[in-house]
Amino acid sequence: MNLDRINKLRESFGDCGIEGLYVTNLTNVRYLTGFTGSAGSVLVLENEAHFFTDGRYTEQVKDQVKNSKIHITGSSHTKEIKAQKLLEKQNKIGFESNHITYSNFLLLKNQFSNINWVETSGTIELIAAVKDENEINSLKTAVEITDKVFDDIVPMLKEGVSENKIAATMSYKFKEYGAEGDSYDPIVASGWRSALPHATPTDKCFEKGDFVVMDFGALYNGYHADMTRTVVIGQATDRHKEIYQIVLDSQLAGISTAKAGVSGAEVDEACRSIINDAGYGKYFNHSTGHGLGLEVHTHPRLSSFNKEPLLENYVVTIEPGIYLPKWGGVRIEDDCWIRKDCCEPMNTSTKELLSL
């Protein structure tokens, strides 16, 4: 599997005008090699690949890293590359310009004065956006655990319970059900705070009439789930029902539009037009979604700026929202598998408005 990924990367060398790529972003190192540690890099050349780490991972890499020559070094990875004379026959080597500090770039230039270092951006991320069967299965499991935790949380959502209590319970239950932990720090926001799209949980307790926005997900085998559900505490008013239904209609429109060949901008417009037509357009203040994988925000973006077509086996979020300052907000989000002729939501948690 990792050799296929490395070979796909090599196929991009011509378009990038390079003879190799030095990969330092740990997510991309993991994608190419399987390495899950905190210190590693990989040099992919046209006919070979070299992985670098330190002595802490001597045994771990024997099981994880395949299809690359392993270098255990006590010095910097670039010094090892120089000592092994791995870059004496090349002229143009790419580096991940979005993932390297300026000081480390200067170090590369100074240590390898014979190399023309070429900026690359998003090369591996584009390859990784198309998921293979094992990745789809890992994402499905992460989503299943997330759905299960939501089912467990629902009976707890009542007046007097704090945002922090719910967030802590989510984190505990993810591990209880076999996840590595949270995909990201959960969002639990109630009442007026639910109008803050990325609110951090507090000790605020739920009150009657509160919308409660919960954005959370499980991390499984390195892959991130990302789901949002919104409920109301006590009896839902006509205003609760109106706002909720608009967001739900918007989300369903995005799901029915998304498929391979449709652009991210088209999915965004399908969602946004519903909210705009209802008169709440200025209160939908973020993009419609993003890719999922070894990071929680990856390629592609579902936004008005992305005119590129979605590809089969992308996994993306579709998550429109309305946020009314000083009152409350609604977001509904599913993780969606892009197929040739449709978009398949992975989540099974109800999207009916729950009055609790």
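One structure accompanies this document, and this report is about it. It should be emphasised that the depicted structure is a prediction, and the values quoted were computed from it without experimental measurement.

1. Thoughts on the sheet that holds strand 9 (residues 211-216)
Spatial ordering of the open sheet is given by 8-9-12, a layout of 3 strands whose pairing is antiparallel. What marks the edges here is a single partner per strand, and that holds for strand 8 (187-190) and strand 12 (227-232). Sheet twist, expressed as the average angle between the axes of neighbouring strands with direction ignored, equals 10 degrees. With 6 bridges joining them, strand 9 and strand 12 adopt antiparallel strand pairing. By the bridge assignment for strand 12, Phe216 is matched with Met227. Docked against the sheet, helix 8 (residues 133-153) engages strand 9 and strand 12, running at close to 150 degrees with respect to strand 9.

2. Remarks on the nonpolar core
Residues Leu9 and Leu32 are the most contacted members of the largest nonpolar core, which totals 35 residues. Of all the elements in the fold, those that place two or more residues in this core are helix 1 (2-11), strand 1 (20-23), helix 3 (26-33), strand 2 (41-45), strand 3 (49-53), helix 7 (123-128) and helix 8. Counting residues per element, this core draws most heavily on helix 8, at 4 residues. If we ignore the near neighbours within four places in the chain, the residues touching Leu9 are Leu21, Leu32, Val44, Thr123, Ile124 and Ile127.

3. A short note on the pairing of strand 8
Along a regular strand, successive side chains alternate from one face of the sheet to the other. Neither face of strand 8 is exposed, since Ile187 and Ala189 on one face and Val188 and Ser190 on the opposite face are all buried. Taken together, the 4 bridges between strand 8 and strand 9 define a ladder with antiparallel strand orientation. When the sheet's bridge partners are listed, Ser190 is paired in strand 9 with Val212.

4. Things to note about the pairing of strand 1
Burial of the side chains of strand 1 extends over both faces: Gly20 and Tyr22 are buried on one face and Leu21 and Val23 on the other. One ladder, built from 4 bridges, connects strand 1 with strand 2; its direction is antiparallel. Looking across to strand 2, one finds that Leu21 is bridged to Val44. Here strand 1 pairs with strand 5 (residues 92-96) via 2 bridges, running parallel. Residue Leu21 lies in a different strand from strand 5, and its bridge partner there is Gly94.

5. Here's the deal with the environment of Lys109
Structurally, Lys109 can be placed in helix 6 (residues 102-111). Sequence spacing of Lys109 and Glu46 is 63 residues, and the spatial spacing of their C-alpha atoms is 21 Å.

6. Section: the packing of aromatic side chains
Scanning the entire structure with this criterion turns up 8 aromatic pairs. When the ring of Phe35 is compared with that of Tyr57, the centres are 5.1 Å apart and the planes differ by 90 degrees; the resulting orientation is edge-to-face. Taken together, the positions of Phe35 in the loop between helix 3 and strand 2 and Tyr57 in the loop between strand 3 and helix 4 (60-64) put the pair 22 residues apart, joining distant regions of the chain. Classification of Phe35 by relative accessible area gives buried; the value is 1%. A relative accessible area of 10% means that Tyr57 is categorised as buried.

7. Section: the pattern of salt bridges
All chains considered together, the criterion is met by 15 salt bridges. Ionic pairing is found between Arg331 and Glu319, a salt bridge with its closest N-O pair at 3.9 Å. Residue Arg331 is located in strand 17 (residues 328-331), and its partner Glu319 is located in the loop between strand 15 (315-318) and strand 16 (321-324); the two are separated by 12 residues in the primary sequence. Accessibility assignment for this pair places Arg331 and Glu319 in one class, buried. One network of salt bridges, with partners in common, ties together Arg5, Asp132 and Glu135.

8. Topic: empty space enclosed by the protein
As enumerated under the stated definition, the model contains 1 cavity of 30 Å³ or more in all. Roughly 50 Å³ of volume is contained in the largest cavity. Forming the boundary of the largest cavity are Leu21, Asn28, Glu96, His99, Thr120, Ser121, Gly122, Thr123, Ile124 and Glu125. Top element by residues in the lining of the largest cavity is helix 7. It accounts for 3 residues. Residues of the lining of the largest cavity, tallied by class, amount to 2 nonpolar, 6 polar and 2 charged.

9. Re the environment of Ser97
Considering the arrangement of structural elements, one finds Ser97 in the loop between strand 5 and helix 6. Along the chain, Ser97 and Asp335 lie 238 residues apart, while their C-alpha atoms are 29 Å from each other. Sequence-distant contacts of Ser97, defined by excluding residues within four places in its chain, comprise Glu119, Thr120 and Ser121.

Analysis parameters
- Residues numbered from 1 in each chain as written.
- Predicted model: local features only at pLDDT ≥ 70, side-chain atom pairs only at ≥ 80, totals over all residues.
- Heavy atoms only, no water.
- Pairing = 2+ DSSP bridges.
- Helix = DSSP H or I, 4+ residues; strand = E, 2+ residues; numbered from the N terminus.
- Axes fitted to C-alpha atoms, helices over the stretch in contact; angles between N-to-C directions.
- Contact = heavy atoms within 4.5 Å.
- Core = buried A, V, L, I, M, F, W, Y, C linked by side-chain atoms within 4.5 Å.
- Buried < 20%, exposed > 50% of the residue type's maximum accessible area, 1.4 Å probe, protein only.
- Phe/Tyr/Trp six-rings, centres within 6.5 Å; stacked < 30°, edge-to-face > 60°.
- Salt bridge = Lys/Arg side-chain N within 4 Å of Asp/Glu carboxyl O.
- 1 Å grid on protein atoms, 1.4 Å probe; cavity = no way out; pocket = protein on both sides within 12 Å on 5 of 7 lines; lining within 4 Å.
- Points joined across faces, edges and corners; volume = space filled by probe spheres on them.
- Nonpolar A, V, L, I, M, F, W, Y, C, P; charged D, E, K, R; others polar.

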